[in-house]
Amino acid sequence: MLTISLILLPIIAGLIILLTKGDNPKTIASIAAFVELILGGYAYNQFVPNGSSQFGASYNWIASAGIKFSVGIDGISLILVCLTTLVVPFIILSTFGRTEKNAPTFYALILFMQAALIGVFTAKDIFLFYFFFEVALIPVYFLAAIWGGENRIKVTFKFFIYTLFGSLFMLLGLVYLYMKTPGLHSSAISEIYQIAEGLNGKQQGYLFWAFFIAFAIKMPVFPFHTWQPDTYVESPTAATMLMSGVMLKMGTYGLIRILLPIVPLGVQTWGTTAITLSVIGIVYGSIIAIQQRDMKRLIAYSSFAHVGLISAGIFSRTLEGLQGSLMQMLAHGINVVGLFAISEFIFQRTKSRDLSRLGGITQTTPNLTVYFVIIMLGSVAMPLTNGFVGEFLLLKGIYTYNVWFGAVSGLTIILGAVYMLRMVQKSMFGETSKLTQGFADLALHEKMTLFPLAFMVIWFGIAPNTFLPIIEPAVKQLLTIIK
Amino acid sequence: MNSIIALSLFGIANLFLGFLNNRKILMPATLAFILFALGLNLADWNTEVLWFNNMLRTNNLSVNFTTVILVATLLVVAISRGFGDDEEHSHPAEYYAIMLFSVVGAIMMVTFENLLMLFIGLEILSVSMYVLTGSDKRNLRSNEAALKYFLMGAFATGILLFGVALVYGATGSFSIYGIGNFVTENRMGQSEITPMLYVGILLIIIGLLFKVSAAPFHFWTPDVYEGAPTIFTAFMSTVVKTAGFAALYRLLSVSFVGEYGKWVYLLYFLCAATLIIANITAVYQQSFKRMMAFSSISHAGYLLMTVTSNQATTQSSILFYSLAYSIATVTAFAVMILVSENKTSNGKPDESFDAFKGLAKNNPLLAFALAVSMLSLAGIPLTAGFWGKFFIFSDAFKRGLILDLIVAVLMSAVGVYYYFKPIIASYMKEGNIQEITIKPIYKLTLIITTILTILLGLMPDLVKSIF
């Protein structure tokens, strides 16, 4: 029941918002998101850290075809459910400074998106997974395409077609597996895992690519990333946060939930290719990020680089790699939302994201500087920040898989520090420019957004055990399925 | 079965109602007639009866198909508004009557037991459609479309009839089960099949594929769809298609299933060709109506895929797909009628994508209905269209039609491209469409179709379990 309420609550709140007018949408949306956060916290609290799936619920969906609406939360799901519920309230809070045209629809779409994301992370039926995987695309597409920047129509359309195209092949793969189930067919993920054991290497190879392309486009992994920077830049920042903070985790989650357990032989054959692509993404993304002048674009490329590391860690198929990837998904989600929020706050005041025209902000707003530096350090993976735990485990995992991959991936620490520090330095320090003169101090809602995010950066860095004990049994369980 | 008799009588009654001074009564009366026929039709549920000396057969399958056809007709009638305001030249009574007659033909096509009834049903349907296509008498395009449709359609019916004759010659039977038995006996060596049968099957398939506008027999479709008054385009692309596929499916699955290994190659190839031609051409259309014409061809391609797979689940897949497709198509055309009438270019209704620019601003309901219908046609989850495609893909997978599947998946992605054009125009582009006044019944229809599309997208089992 808990899982169902997690999915239903944002939908109901969204529908209520659609019927309201004036300033109410913001308030209702944030209340709903915080209630959802409490529900997420309750799930975290009640969760028994073992490999099993909990808070399950299952209903017949298409009885004649054996397709069920069945959801549940295991350790892997819980991390991502926590991430979603943690991040969305602050995404909504960060928009309080703006008055969007047609606000009810705007906030309703954010909440619908949240529901779809939670659906993806808790689905226990492959078609339910696919259903939510695709449905999540609709609200974020409209968010980006209606409230976005100048080029939004073209850019978001490319994004939509690109990701949809990828997932259609995943659908073919899923239907193929579903047809192999005995009797009236069943699409429960556990059943599919069993069926997949009977597949030979060649079949798994085809399936690997059908799934990999879908998830690689979503994350994105090099060379499927071309939609990403433009979409992130053109979208309204709330949508960008949703995409980079949570939506791209659908891709990495898919790798863990679908790809690794279903086609282990395929991963054996093609895993090195996938890791190579991911590692190329790390270096390539970092180098491009170093040269960016637009803050949002810089963060977009940094996100691309970080996801490359997560994906490489997943494909290493080691305990550390998988643990690290989950920790890093959580950390990256929080950090990237913080960074985008800061870029948005700066943009609202200066109407610019151009690093060469900013600078000297710290002289008037030390507050912002502190938050910015903390979140930046988390993103650079300084020890005692949340990024460190994940990145360390990831690098260890990749290193165990192959020393050379480990060494090249290690560049991320250096390159990441270069572009992140450069961004902070260019925007916050130095001479005050024409644009940043009289930079107003943080408003209440902005503090309320950044303080919790910065707090989480430090908290999860000091106490990684908040989540590690949950992750470990789940990952071990997964590894036994793979082996 | 009584629905056929009732609808024929209602059609005549409609003509007489036209003599009344009060024409406003026509539409509610027609709606009531159709609802009544729907009730008669549902009364046949769970009975298996042969009618009129084994000419027609009603069973659950035919009841289901008839229901889909009647629901589509109901929706089309609900969004028709007396066919123009021009009092002198509009003949609403005649048009409603012809629509009812054509539905009679459509129902005969889904209930036939004897091939002659198939032919007669097809002719009743087609002749009505020729008239309706040309009903905008003073519009050159409409006249041209009607003539084109008539010439090509008559030719196709001729081919079909020729095919029926050849099949009769080869098997000595007009009954679809009789033919089916003959074909099966042949497989067991008890009877001998002459090449005449194969030619006959081929010609019948061609005749029916023409009616459902599958490639390469689709060339009439864009012109006819564009020329016909939009309301009849909506009728044509839903009712005719459903009836055509029902007939095709019954023939192939009952009569010619024994020769599956022969005709499967034809359909396998034509399915891929239809999907590719329709979707690629649709991308280049500037007119919404023409795009919908190619979209209708492409959906014929998807339906052809499940017919080709010939699984036990094929009938329910066709039914679900037809229902989802009909609802979405009627919604789309309904929105288009309102928008294009509101906006004219060169004195004619503007039917291009540009007509939808800025629709969402003052007409949120219309824009939303349009968006949902387009998403459904594109097969995006949360809408009925997704499940329609899903069931069809599953069928094709069972049969292992891998090439068709890959083509279908690629073309689904292409489809998203053109289905999103009106959505983008209405939500993201600037335009100056004032608030359009909508009649209550029209509004109600739009709301019902939109809710149905989403509801079936969330809970396909609502109807899937019946089919």
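Details of the structure are given in the entry above.
Residues numbered from 1 in each chain as written. Chains lettered and ligands numbered in written order. Predicted model: local features only at pLDDT ≥ 70, side-chain atom pairs only at ≥ 80, totals over all residues. Heavy atoms only, no water.

(A) Inspection of the overall build of chain A at higher detail. A tally of regular secondary structure across chain A gives 19 helices and two strands. Expressed as lengths along the three principal axes of its C-alpha atoms, the size of chain A is roughly 70 × 55 × 45 Å. Taking all 483 residues of chain A together, 66% fall into the buried category. Here the contacts in chain A between residues at least 6 apart in sequence split such that 82% fall between residues at least 24 apart. Of the charged side chains in chain A, 29 are positive and 20 negative; the average position of the first set lies 4 Å away from that of the second. (Helix = DSSP H or I, 4+ residues; strand = E, 2+ residues; numbered from the N terminus. Buried < 20%, exposed > 50% of the residue type's maximum accessible area, 1.4 Å probe, protein only. Contact = heavy atoms within 4.5 Å. Lys, Arg positive; Asp, Glu negative; His and termini not counted. Charge placed at Lys NZ, Arg CZ, Asp CG, Glu CD.)

(B) Focus on the overall build of chain B. Secondary structure summary: chain B contains 19 helices and four strands in total. For a compact globule of 467 residues, the expected C-alpha radius of gyration is about 23 Å, and chain B comes in at 21 Å, within 12% of that figure. In terms of overall dimensions, chain B has a C-alpha envelope of 70 × 50 × 40 Å along the principal axes. A buried classification covers 64% of the 467 residues belonging to chain B. Pairs at least 24 residues apart make up 79% of the contacts formed inside chain B by residues separated by at least 6 positions. Accessible surface for chain B amounts to roughly 16,500 Å². Of this, 65% is attributable to carbon and sulfur atoms. Where the 27 positive side-chain charges of chain B centre and where its 25 negative ones centre are 5 Å apart. (Rg over C-alpha atoms; globule rule 2.2 N^0.38 Å. Areas by Shrake-Rupley, 256 points an atom, 1.4 Å probe, with all protein chains shown as cover.)

(C) Here's a closer look at the interface of chain B and chain A. Taken together, the contact pairs 31 residues of chain B with 30 residues of chain A. Between chain B and chain A, roughly 2,900 Å² of surface is buried when both sides are summed, and carbon and sulfur atoms account for 87% of that area. Sorting the residues of chain B by area buried against chain A places Phe390, Phe397 and Met428 of chain B first, and these three jointly supply 22% of that buried surface. Connecting chain B to chain A are zero salt bridges. Connecting chain B to chain A are three residue pairs in polar contact (both at pLDDT 80 or more). Of all the secondary structure elements, the ones that give two or more residues to the side of chain B that touches chain A are α16 (384-399), α17 (402-428), α18 (440-458) and α19 (461-464) of chain B. A total of 12 residues in the side of chain B that touches chain A trace back to one element, the largest contributor, which is α17 of chain B. (Buried area = accessible area lost by both parts, 1.4 Å probe. Salt bridge = Lys/Arg side-chain N within 4 Å of Asp/Glu carboxyl O. Polar contact = N/O pair within 3.5 Å; in protein donor to acceptor, adjacent residues only side chain to side chain.)

(D) Here's a closer look at the pairing of strand β1 (residues 54-62) of chain A. Taken together, the six bridges between β1 of chain A and strand β2 (residues 67-73) of chain A define a ladder with antiparallel strand orientation. Residue pairing across strands places Gln54 of chain A opposite Ile73 of chain A, the latter belonging to β2 of chain A. (Pairing = 2+ DSSP bridges.)

(E) Region of interest: the pairing of β2 of chain A. Along β2 of chain A, five of the seven residues are buried, which leaves the element largely enclosed by surrounding structure. Adjacent in sequence and paired antiparallel, β1 of chain A and β2 of chain A are bridged by four residues, among which Gly66 of chain A carries a positive phi angle near 70°.

(F) Structural view of the packing of aromatic side chains. Enumeration according to the criterion identifies 66 aromatic pairs over all chains in this entry. Between Phe121 of chain A and Tyr253 of chain A the ring centres are 5.3 Å apart and the planes differ by 75°, which places this aromatic pair in the edge-to-face class. Here Phe121 of chain A, found in helix α4 (residues 103-122), pairs with Tyr253 of chain A, found in helix α11 (residues 237-262); they are 132 residues apart in sequence, far enough to count as distant. Seen from their ring centres, Phe159 of chain A and Trp227 of chain A are 5.0 Å apart, and the 40° between their planes marks the pair as tilted. Of this pair, Phe159 of chain A sits in helix α7 (residues 152-180) while Trp227 of chain A sits in the loop between α9 (201-218) and α10 (228-234), placing them 68 residues apart in sequence. Per residue, the accessibility class of Phe159 of chain A equals that of Trp227 of chain A, and both read buried. One Lys or Arg, Lys218 of chain A, reaches over the ring of Phe133 of chain A and ends 4.4 Å from the middle of that ring. When the ring centre of Tyr302 of chain B is taken as origin, the NZ or CZ atom of Lys389 of chain B, which lies over that ring, is 4.6 Å away. (Phe/Tyr/Trp six-rings, centres within 6.5 Å; stacked < 30°, edge-to-face > 60°. Lys NZ or Arg CZ within 6 Å of the ring centre and 35° of its normal.)

(G) Geometry of the environment of Leu252 of chain B. Residue and element names in this part refer to chain B. By secondary structure assignment, the location of Leu252 is in helix α10 (residues 230-255). C-alpha separation for the pair Leu252 and Thr308, spaced 56 residues apart in sequence, amounts to 9.1 Å. Dropping the residues within four chain positions of it, Leu252 is found in contact with Ile205, Val257, Trp263, Leu267 and Val307.

(H) Quick look at the side chain of Ser409 of chain A. Residues and elements named next belong to chain A. Within the fold, Ser409 resides in helix α17 (residues 403-428). Within polar-contact distance, the side chain of Ser409 engages the backbone oxygen of Phe405 at 2.7 Å. Look past the residues within four positions of Ser409 in its chain and what remains in contact with it is Val279, Ile282, Leu309, Leu395 and Ile398.

(I) Region of the structure containing unusual backbone geometry. In this model, Met219 of chain A is joined to Pro220 of chain A through a cis peptide bond whose omega is -5°. Here Pro220 of chain A shows up in the loop between α9 and α10. Backbone torsion omega between Phe222 of chain A and Pro223 of chain A reads 0°, so that peptide bond is classified as cis. Mapped onto the secondary structure, Pro223 of chain A falls in the loop between α9 and α10. In the Ramachandran plot, Leu384 of chain A falls in the positive-phi region, its phi being about 75° despite a non-glycine side chain. You will see that Asn46 of chain B, though not glycine, has its phi angle at about 65°, which is positive. Relative to the helices and strands, Asn46 of chain B resides in the loop between α2 (26-43) and β1 (49-51).

(J) Highlighting α18 of chain B. Residues and elements named next belong to chain B. Between its first and last C-alpha atoms α18 spans 27 Å; for 19 residues at 1.5 Å apiece the expected length is 27 Å, and the two agree. Here α18 has its buried residues at Tyr442, Thr445, Leu446, Thr449, Thr450, Thr453, Leu456 and Gly457. Viewed end-on, α18 has its buried residues packed into an arc of 140°, placing them on one side of the element. For α18, the exposed residues set more than 90 degrees away from the buried face come down to Pro440 and Ile451. (Expected span 1.5 Å × (residues − 1). Arc of directions from axis to C-beta.)

(K) Fine view of the pattern of salt bridges. Following the criterion strictly, the structure yields 18 salt bridges over all chains and no others. In this structure, the salt-bridge partner of Arg293 of chain A is Asp354 of chain A, at a minimum N-O distance of 3.1 Å. Here Asp354 of chain A lies in the loop between α14 (319-350) and α15 (366-380) and Arg293 of chain A lies in the loop between α12 (264-290) and α13 (295-316), a separation of 61 residues in the sequence. Among the salt bridges present, the one from Glu351 of chain B reaches Lys289 of chain B, with a minimum N-O distance of 3.6 Å. Here Lys289 of chain B lies in helix α12 (residues 288-309) and Glu351 of chain B lies in the loop between β4 (348-349) and α14 (359-362), a separation of 62 residues in the sequence. Here Glu351 of chain B and Lys289 of chain B have matching classes, each one buried.

Any functional reading would require information beyond the geometric quantities listed.
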